[in-house]
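Notes for the structure review
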Amino acid sequence: MYVREGESVKKNQLLAQLDTADLEQAVKDKAAALSAAEASYRFASSALRRYKKLLDKKYYSQNDYDAAIQQLKINKAGLTQANAALREAKLQLSYSHIVSSLSGIISERDIEPGMNLSVGETLFKVVNLDELEWRAMVPADQISHIKVNQIAIFNVEGFEQHFAGKVVRINPSTVAGTRAYYAYIAVNNANHDLKNGMFATGTITLSEKRNTLVIPFETIKKENNGDTYVLKIDAHH
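Here's what I pulled together on the structure shown here. Nothing here was measured: the structure is a model prediction, and the numbers come from that model.

In this section: unusual backbone geometry. Although it is not a glycine, Asn149 adopts a positive phi angle of roughly 85 degrees. Mapped onto the elements, Asn149 comes out in the loop between strand S6 (131–139) and strand S7 (151–156).

Our focus in this paragraph is helix H2 (residues 62–94). An α-helix turns once per 3.6 residues; consequently, residues spaced three or four apart project the same way. Over its 33 residues, H2 extends 48 Å from the first C-alpha to the last, a length consistent with the 48 Å expected when each residue adds 1.5 Å. Where H2 is concerned, the buried positions are Tyr65, Ala68, Leu72, Asn75, Leu79, Ala82, Leu86 and Ala89. Contacts made by the buried residues of H2 are with helix H1 (21–56).

For the rest of this paragraph, the subject is the sheet that holds strand S1 (residues 8–9). Note: strands within a sheet are paired through backbone hydrogen bonds, in either parallel or antiparallel orientation. Pairing is antiparallel across the open sheet formed by three strands, whose spatial order is S1-S4-S5. Across the chains shown, the open sheet's two edge strands, defined by having one partner strand only, are S1 and strand S5 (124–127). Where S1 lies against strand S4 (residues 104–109), two bridges are found, and the strand directions are antiparallel. Pairing of Val9 across the sheet is with Gly104, part of S4.

For the rest of this paragraph, the subject is the nonpolar core. Formed by 20 residues in total, the largest nonpolar core has its most connected members in Trp134, Ile146, Phe154, Ile185 and Leu194. In contact with Ile185, not counting residues within four places along its chain, are Leu132, Glu133, Trp134, Ala136, Ala152, Gly165, Lys166, Val167 and Ile204. In this structure, Val9, Ile106, Leu123 and Phe124 belong to the second largest nonpolar core, which totals nine residues.

Looking at where Ala89 falls in the secondary structure, it is placed in helix H2. In sequence terms Ala89 and Lys30 are 59 residues apart; their C-alpha atoms lie 7.2 Å from each other. Not counting residues up to four positions away in its chain, the partners in contact with Ala89 are Ala26, Val27 and Lys30.

A cluster of nonpolar residues, Leu213, Ile215, Phe217, Ile220 and Val230, forms a patch on the protein surface that exposes about 550 Å² of accessible area. As for its position among the elements, Ile220 is in strand S11 (residues 220–222).

Its place among the elements puts Leu117 in the loop between S4 and S5. Taking the C-alpha atoms as reference points, Leu117 and Leu18, separated by 99 residues in sequence, lie 9.2 Å from one another. The contacts of Leu117, once residues within four sequence positions are left out, are Leu18, Ile111 and Leu123.

Procedures and definitions
Residues numbered from 1 in each chain as written. Predicted model: local features only at pLDDT ≥ 70, side-chain atom pairs only at ≥ 80, totals over all residues. Heavy atoms only, no water. Helix = DSSP H or I, 4+ residues; strand = E, 2+ residues; numbered from the N terminus. Expected span 1.5 Å × (residues − 1). Buried < 20%, exposed > 50% of the residue type's maximum accessible area, 1.4 Å probe, protein only. Contact = heavy atoms within 4.5 Å. Pairing = 2+ DSSP bridges. Core = buried A, V, L, I, M, F, W, Y, C linked by side-chain atoms within 4.5 Å. Patch = residues over 30% accessible without salt bridge, like charges linked within 9 Å, V, L, I, M, F, W, Y side chains within 5 Å. Areas by Shrake-Rupley, 256 points an atom, 1.4 Å probe, with all protein chains shown as cover. Salt bridge = Lys/Arg side-chain N within 4 Å of Asp/Glu carboxyl O.

Functional significance is not addressed by these values, which are geometric in nature.
Listed below in structure tokens is the structure:
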């Protein structure tokens, strides 16, 4: 074992080494079998050439010559199988070197030295925090206004500063058990301040108007028919 949780790793960095005694012996056995297959093929090929000369001089029967041809084909097939077996053994040996598939940080290490492993078992989890996605829940009555490339400003628990990101995807289905949708905001996190699983709240800028009159939201009144209005104070009275 060469790494622990929280350590940074590079792509293709060695994380762990499996016991290779059996795998190395398998490579040796398959290599020996390949050598034997190569020798058998060379012998059969040489014999066929001799039999051809004898056949031409009528010292060898056609049936025996045809049998020699068939034997050469069998030896060639055996040679192909031995080559494939050796490649497979070498491939299995290469799997004994557990390397990281990406650059990032070890978030989980599920094995310890001396453990027996099964095919398909999770050994490590590596996360890359350089760019994260904020999965933001958007109310159903607002989702129609959300568009790709809109800017989102949000706060994260434990931080005083604001963070920013850009909408990159919008889920077309509601979140189970709610009337909200997920919008996915890409966030540049090169300094790794943010971590997976943090809770955030914020706003997405739907549109922007400049040089306009701004009034407090509380001053806007609504009629029963849905019309809205604002009371204006006449300074002359």
